[in-house]
Amino acid sequence: MIKLAARVGEVPPSITLAIAAKAKAMKAEGIDVCSLSTGEPDFDTPEHIKAAAKQALDSGKTKYGPAAGEPELRAAIARKLRNDNNLHYQPENIIVSNGGKHSLYNLMMALIEAGDEVIIPAPYWVSYPEMVKLASGKPVIVQTDASTGYKITPEQLRQAITPRTKLFVLNSPSNPTGMVYSQGEIKALAEVIVDRDILVVSDEIYEKIIYDGAQHVSIGSLGQEIFDRTIISSGFAKGYSMTGWRIGYLAGPIELIKATSIVQGHSTSNVCTFAQYGAIAALESSQESVEKMRLAFADRREVIFELLDSIPKISCIKPDGAFYMFVNISKTGMTSLQFCDALLEQQKVAVIPGIAFGADDHIRLSYATDLGTIKKALERLDKFVRHI
Ligand code: GLU
């Protein structure tokens, strides 16, 4: 019997990945499964990005590179943050890692010590609390609900802060709720963060996927005091449909980025060298394909929202960003796991139980898939709910 490290004993596997894998396995067996599970755009990576990576591969970009990322990519990210987000970083303030998830994990390893508290508003993305636990920290979950659009209020944040609080996790647009914090809401949170002198990590991976004139405001752009306490986490997976490339990044204070580079230098080293050239092309060339995908998500959002609205016993708020519908199932009397298991079993529709996001009376539907699948899945969901 192998005695495993206690830290893994406390951490369950990722439910988002497990359900997506189950749906894929059922499909491979020939079962007609509709998967609205993982947040993975169905579009292929744009051609010009693939061409840049292929060219880098052919021209010998096949060796180890600097652990923190290719200098050209760090410079391109610094330019992007300046132009898009009004954040004034130098390339030295940037570290490139193996996806947004890895960026956040490295941050926790470099920052969090035993007993440090990290404030995470629920519903939260599945891996935030687990990463904090893997770093021996204590996730402090602050529950939010539909009455505030699933957003933490400044009062709630202030109340959750203790002398052990080190970090607050902000995610806008949000996975799983799709909510976007307004400039005023972000400003009010920034005031608490500065006043109580804690740090904030702002996960902005969905910033490009936003609807109906909603604005993405990067918290660090609101003034020097909040900028000094902000770490940005983002990546290429969602906006550029590059999920499998595994390229994410952090931007933040230099001493923290240096510490994160040490963690990365002793664990994974650099992200696949030639893949980073695809990321440079993504940032430095036309953003037309990003807009095209955003418009397709916007169409799907209208369709899925209308279909959900016509189903009894379930309800949801129309999201402002990302590609998820976060659906309240409390009137069905089922837990989210019971609901999702039965839906997959009876109607062959895969969705994610809200328990993965700290909200057991909800389920998450991803509409990062084609309209045909969305319509078929919703027809089946309708049938399922009417028979409960
Ligand atoms: N972030 C995506 C999701 O929430 C991908 C899966 C994952 O990394 O957990 O579905």
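None of the values given here were measured: they were computed from a predicted structure.

So, on to the sheet that holds strand β7 (residues 230-235). Taken in spatial order, the seven strands line up as β2-β8-β7-β6-β5-β3-β4 in an open sheet, and their pairing is mixed. Of all the strands in the sheet, the pair left with one neighbour each is β2 (94-97) and β4 (138-143). Neighbour-to-neighbour, the strand axes of the sheet open up by a mean angle of 20°, direction not taken into account. In terms of strand pairing, β7 meets strand β8 (residues 248-251) through four bridges, oriented antiparallel. If you follow Ser233 over to β8, its bridge partner there is Leu250. The sheet strands contacting helix α6 (residues 127-134) are β3 (117-122), β4, β5 (165-171) and β6 (199-203), and the helix crosses β4 at an angle near 155°.

As a further point, take the confidence of the model for the chain. The predicted model of the chain averages 97 in pLDDT, with 100% of residues at 70 or higher. The secondary structure element of the chain with the lowest average pLDDT is helix α1 (residues 6-9), at 88, and the one with the highest is β6, at 99.

Below, the discussion takes up empty space enclosed by the protein. Across all of its chains, the model carries two cavities of 30 Å³ or more by this definition. Approximately 120 Å³ is the volume found for the largest cavity. Pro121, Pro123, Asn171, Ser174 and Tyr181 are the residues nearest the centre of the largest cavity, which is lined by 15 residues in total. Elements with a minimum of two residues in the lining of the largest cavity: β3 and β5.

Three- or four-residue spacings in an α-helix give side chains the same orientation, since the helix completes a turn every 3.6 residues. Along its 15 residues, helix α4 (residues 71-85) runs 20 Å from first to last C-alpha, staying within 8% of the 21 Å computed at 1.5 Å per residue. Looking at α4, one finds that the buried residues are Leu73, Arg74, Ala76, Ile77, Ala78, Lys80, Leu81 and Asn85. One or two steps after α4, the chain reaches Asn86, where phi turns positive at roughly 55°.

As a further point, take the packing of aromatic side chains. One pair of aromatic rings is described through two measures. These are the centre distance and the angle between the planes. Scanning the entire structure with this criterion turns up 12 aromatic pairs. Taken together, a centroid distance of 5.7 Å and an interplanar angle of 80° make the contact between Tyr150 and Phe326 edge-to-face. You can see Tyr150 sitting in the loop between β4 and α7 (154-160) and its partner Phe326 sitting in strand β10 (residues 324-328), a full 176 residues away along the chain. Residue Tyr150 is classed as buried on the basis of its relative accessible area, which comes to 7%. By relative accessible area, Phe326 is classed as buried at 1%. What links up through ring pairs into an aromatic cluster is the set Phe43, Tyr206, Phe297, Phe323 and Tyr324.

Cis geometry is found at the peptide bond from Ala122 to Pro123, where omega equals 0°. Here Pro123 is to be found in the loop between β3 and α6. That bond from Ser172 to Pro173 is cis: its omega, -10°, falls within 30 degrees of zero. Within the secondary structure, Pro173 is located in the loop between β5 and α8 (183-195). Of note in the backbone geometry, Asn86 takes a positive phi value of approximately 55° without being a glycine. With respect to the element layout, Asn86 can be found in the loop between α4 and β2. Look at Lys348: it is not a glycine, yet its phi comes out positive at around 60°.

Okay, the pattern of salt bridges next. Where charged atoms from two side chains of opposite charge come close, those side chains can pair. Considering all chains together, one arrives at 22 salt bridges under this definition. The partner of Asp212 in a salt bridge is Arg301, with the nearest N and O atoms 2.9 Å apart. A residue pair is termed long-range when its members are at least 10 positions apart, and Asp212 in the loop between β6 and α9 (224-227) and Arg301 in helix α12 (residues 288-309) qualify at 89 residues. Judged by its relative accessible area of 63%, Asp212 is exposed. Among the residues examined, Arg301 registers a relative accessible area of 2% and is labelled buried. Between Lys318 and Glu302 there is a salt bridge, with its nearest N and O atoms 2.9 Å apart. Of this pair, Lys318 sits in the loop between β9 (315-316) and β10 while Glu302 sits in helix α12; the two residues are 16 residues apart in sequence, bridging distant segments of the chain. The exposure class assigned to Glu302 is partly exposed, which follows from its relative accessible area of 33%. Three or more residues joined by partner-sharing salt bridges are found here, namely Lys80, Asp84, Glu207 and Lys208.

Procedures and definitions
Each chain has its residues counted from 1, following the order in which its sequence is written. Totals for whole chains, interfaces and linings use every residue, but because this is a predicted model, local features are given only for residues with pLDDT of at least 70 and side-chain atom pairs only at 80 or more, for both listing and counting. With hydrogens and water stripped out, all remaining heavy atoms of the structure feed into the side-chain values. When DSSP finds two or more bridges between a pair of strands, those strands are recorded as paired. Helix and strand assignments follow DSSP, with helices taken as H or I runs no shorter than four residues and strands as E runs no shorter than two, numbered in order from the N terminus. With axes taken as lines fitted to C-alpha atoms, and helix axes fitted only over the stretch in contact, angles between N-to-C directions fall between 0 and 180 degrees. In what follows, residue pairs with any heavy atoms lying within 4.5 Å of each other are defined as contacts. Think of pLDDT as the predictor's per-residue confidence, scored from 0 to 100. With a 1 Å grid spanning the protein atoms alone, the term cavity applies to any set of points in which a 1.4 Å probe fits but cannot get out, the term pocket to an open set with protein on both sides within 12 Å along at least five of seven lines, and the term lining residue to any residue with an atom within 4 Å of a point. Grid points are joined across faces, edges and corners, and a volume is the space filled by probe spheres set on the points. A helix is expected to span 1.5 Å multiplied by its residue count minus one. Summary of the burial criterion: residues with accessible area below 20% of their type's maximum are buried, those above 50% are exposed, and those between are partly exposed, where the area comes from a 1.4 Å probe applied to protein chains only. Side-chain rings of Phe, Tyr and Trp (the six-membered ring for Trp) are treated as a pair once their centres are within 6.5 Å; stacked means planes under 30 degrees apart, edge-to-face means over 60, and tilted covers the remaining angles. Basic side-chain nitrogens of Lys or Arg form a salt bridge, by our definition, when they fall within 4 Å of a carboxyl oxygen of Asp or Glu.

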